[in-house]
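These are the residues of each chain, in order.
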Amino acid sequence: MTTDSPLPRLVAGLGYTLVDVRQHSTFAFRTDLLSDSYVVAVDKPLQFVFAGPHPFELAPTRFVSLECTAAIVTAIQSSPHLDYLTQAAALSLLAQLSERIIGAGWKVDRDERPVPTGPELNLGLRDPALPDDTWWFAAIYRSADARLFVKLRRTHRAGRNGADDLFLVTLQWRDDVLLDRAIAVAKQLRREDSVAPDLDRPIVLETYVDRVRTLMPKPY
């Protein structure tokens, strides 16, 4: 699934700061309006590279979001395709992703929540009683405190019998332990700067990240 895409690259991993993201990426995002709780949302074609833990590259996408606390990336979402997919194409992509994710070193997490088997998923995908905008967890993976959720969504019904329904595959990385640590760092820096503890506040990125890293080394 590695590509030689001419698209701009966005490189991010859990525990990356926004300075790390900017230094490793060719995609430029605004940094003049940042706060200590911020979402970088991109809705245009680009090449996304997940930088860790257990990094791997994805096919070109038109959607990526980075959830950041204390300028640290604590959750990521991406859909590794440019257009909506038919059911056959979506299931093929899920199989490719499973091979890529496990090959990168992620482990299947069988304790997080039940995931439908292949036959169950196929029946659900074609069930006309379910709303168009229905999500399925196709797979869940673990690496220490990090989780990777692979989701499948039927975006809308294009055909009467379900054969032409269109789907979206989404990967969601998150680390709740990392998030709690980042929240604690953001609160500490607000106290040091006499800023209200329950309000986001604007930051100067490089200066702020220098302070963050003294309190919270990169976890991966």
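See the structure above.
Quick notes on the rules
- Residues numbered from 1 in each chain as written.
- Predicted model: local features only at pLDDT ≥ 70, side-chain atom pairs only at ≥ 80, totals over all residues.
- Heavy atoms only, no water.
- Pairing = 2+ DSSP bridges.
- Helix = DSSP H or I, 4+ residues; strand = E, 2+ residues; numbered from the N terminus.
- Buried < 20%, exposed > 50% of the residue type's maximum accessible area, 1.4 Å probe, protein only.
- Phe/Tyr/Trp six-rings, centres within 6.5 Å; stacked < 30°, edge-to-face > 60°.
- Expected span 1.5 Å × (residues − 1).
- Arc of directions from axis to C-beta.
- Axes fitted to C-alpha atoms, helices over the stretch in contact; angles between N-to-C directions.
- Parallel < 35°, antiparallel > 145°, perpendicular 65-115°, else oblique.
- Left-handed = near helix turned anticlockwise from the far one by under 90°.
- Contact = heavy atoms within 4.5 Å.
- Nonpolar A, V, L, I, M, F, W, Y, C, P; charged D, E, K, R; others polar.

Participant: I'd like to hear about the sheet that holds strand β4 (residues 56-57), residue by residue, with values.
Facilitator: With mixed pairing, the 3 strands of this open sheet are ordered in space as β1-β3-β4. Each having just a single partner strand, β1 (9-12) and β4 make up the two edges of the open sheet. Across 2 bridges, the pairing between strand β3 (residues 47-50) and β4 is antiparallel. By the bridge assignment, valine 49 is partnered in β4 with glutamate 57.

Participant: Residues and numbers for the pairing of strand β5 (residues 64-69), please.
Facilitator: In terms of burial, β5 is largely enclosed, as 5 of its 6 residues are buried. Taken together, the 6 bridges between β5 and strand β6 (residues 72-78) define a ladder with antiparallel strand orientation. Paired with valine 64 across the two strands is serine 78, which belongs to β6. Counted between consecutive antiparallel strands, the loop separating β5 from β6 contains 2 residues, among which alanine 70 sits at a positive phi close to 55°.

Participant: Can you lay out the packing of aromatic side chains for me, pointing to particular residues and giving the numbers?
Facilitator: Overall, the coordinates contain 6 aromatic pairs when judged by the stated rule. On the basis of an interplanar angle of 10° and a centroid distance of 4.4 Å, the ring pair of phenylalanine 50 and tryptophan 173 is categorised as stacked. A residue pair is termed long-range when its members are at least 10 positions apart, and phenylalanine 50 in strand β3 and tryptophan 173 in strand β10 (residues 166-175) qualify at 123 residues. An identical accessibility class is assigned to phenylalanine 50 and tryptophan 173; each is buried. Each ring, one from phenylalanine 137 and one from phenylalanine 149, has its centre 5.9 Å from the other, and the planes form 65°; the classification is edge-to-face. Of this pair, phenylalanine 137 sits in strand β8 (residues 134-143) while phenylalanine 149 sits in strand β9 (residues 146-156); the two residues are 12 residues apart in sequence, bridging distant segments of the chain. On the accessibility criterion, phenylalanine 149 (0% relative accessible area) is buried.

Participant: Explain helix α2 (residues 87-104) to me, and be specific about the residues and the numbers.
Facilitator: Since the α-helix turns once every 3.6 residues, residues separated by three or four places project in the same direction. Counted at 1.5 Å a residue, the expected span for α2 with its 18 residues is 26 Å, and the 26 Å between its end C-alpha atoms agrees. Along α2, the positions that sit buried rather than exposed are Gln87, Ala90, Leu93, Leu94, Leu97 and Ile101. Projection of α2 onto a plane perpendicular to its axis shows the buried side chains occupying an angular sector of 115°, all on one side. For α2, the exposed residues set more than 90 degrees away from the buried face come down to Ala88, Glu99 and Gly103. Immediately downstream of α2, the backbone of glycine 105 shows phi near 115°, a positive value.

Participant: Pulling in residues and values, what's your account of the packing of helix α4 (residues 176-192) against helix α5 (residues 205-215)?
Facilitator: How two helices pack is summed up by the angle between their axes together with the distance between the axes. With their axes 10 Å apart at the nearest point, α4 and α5 run at an angle of 120° to one another. Accordingly, the angle class assigned to the pair α4 and α5 is oblique. When the axes of α4 and α5 are compared, the crossing they make is right-handed. Listed contacts from α5 to Val185, Ala186, Gln188, Leu189 and Glu192 of α4 are Tyr208, Arg211, Val212 and Leu215. A breakdown of the residues in the contact of α4 with α5 according to their chemical character gives 6 nonpolar, 1 polar and 2 charged.

Participant: Explain unusual backbone geometry to me, using residue names and the numbers behind them.
Facilitator: Most of the time, phi is negative for any residue but glycine, and the peptide bond is trans. Of the consecutive residues glycine 52 and proline 53, the connecting peptide bond is found in the cis state with omega at 10°. Structurally, proline 53 is set in the loop between β3 and β4. The backbone phi angle of histidine 54 is positive, close to 55°, even though this residue is not glycine. Relative to the helices and strands, histidine 54 resides in the loop between β3 and β4.

Participant: Any details on α4? Residues and values, ideally.
Facilitator: Its 17 residues give α4 an end-to-end C-alpha distance of 24 Å, which sits within 8% of 24 Å, the value for a rise of 1.5 Å per residue. Within α4 the residues assigned to the buried category are Leu178, Ala182, Val185, Ala186, Leu189 and Arg190. All buried residues of α4 lie within an arc of 135° about the axis, which places them on one face of the element. The exposed set on the far side of α4, more than 90 degrees from its buried face, consists of Asp180 and Arg191.

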